[in-house]
Amino acid sequence: MKELVEVIAKALVDHPEEVSVNEKNEGRTLVLELHVADGDMGKVIGKQGRIAKAIRSVVKAAAAKEDKRVVVDIV
């Protein structure tokens, strides 16, 4: 899951070298924290959060395939 979020985020931003994803296990839930450069934050979130919602939907679908629960936080 971590790699999926990283690939998607790097494709969206101007500074892909500053993209990082941290994993945290909280019980049965995997939390992925996405960090990007300050100038790229708007590109990852999108208008009215549409891109962020799309990223979360793709990750949720991939996690459902593996019978996992994943949450994506953009920090």
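Our subject is the structure that appears above.
This text gives an overview of the structure that appears in the document. (Residues numbered from 1 in each chain as written. Predicted model: local features only at pLDDT ≥ 70, side-chain atom pairs only at ≥ 80, totals over all residues. Heavy atoms only, no water.)

## Here's the deal with the overall build of the protein
Secondary structure assignment for the protein yields three helices and three strands. Along the protein, from the amino end to the carboxyl end, the secondary structure elements read α-β-β-α-α-β. In terms of overall size, the protein behaves like a compact globule, its C-alpha atoms giving a radius of gyration of 12 Å where 75 residues would be expected to give roughly 11 Å. C-alpha atoms of the protein, sized along the principal axes, occupy 35 × 20 × 15 Å. Looking at the protein residue by residue over its 75 residues, the buried ones come to 32%. Nonlocal contacts in the protein, meaning residues at least 24 apart in sequence, comprise 51% of its contacts between residues at least 6 apart. (Helix = DSSP H or I, 4+ residues; strand = E, 2+ residues; numbered from the N terminus. Rg over C-alpha atoms; globule rule 2.2 N^0.38 Å. Buried < 20%, exposed > 50% of the residue type's maximum accessible area, 1.4 Å probe, protein only. Contact = heavy atoms within 4.5 Å.)

## Describing unusual backbone geometry
Phi at Q48 takes a positive value of approximately 55°, unusual for a residue other than glycine. The topology assignment puts Q48 in the loop between α2 (41-45) and α3 (50-65). Given the relative accessible area of 73%, Q48 is considered exposed. One non-glycine residue, D67, adopts positive backbone phi at about 60°. Topologically, D67 is positioned in the loop between α3 and β3 (69-74).

## Considering the pattern of salt bridges
As enumerated under the stated definition, the model contains four salt bridges in all. One salt bridge in this structure joins D14 and K43, with 2.3 Å as the shortest N-O distance. Taken as a pair, D14 in the loop between α1 (2-12) and β1 (20-26) and K43 in helix α2 lie far apart in primary sequence, 29 residues in all. For K43, a relative accessible area of 34% corresponds to the partly exposed category. Taking the shortest distance from any N to any O, the salt bridge between K24 and E33 comes out at 3.1 Å. (Salt bridge = Lys/Arg side-chain N within 4 Å of Asp/Glu carboxyl O.)

## With respect to the pairing of β1
The pairing of β1 with strand β2 (residues 29-35) spans seven bridges and is classified as antiparallel. Within β2, the position partnered with N25 by the bridge is L30. Counted along the chain from β1 to the antiparallel partner β2, the turn is two residues long, and its residue G27 has a positive phi close to 70°. (Pairing = 2+ DSSP bridges.)

## A word on the environment of K53
Structurally, K53 can be placed in helix α3. Taking the C-alpha atoms as reference points, K53 and E26, separated by 27 residues in sequence, lie 21 Å from one another.

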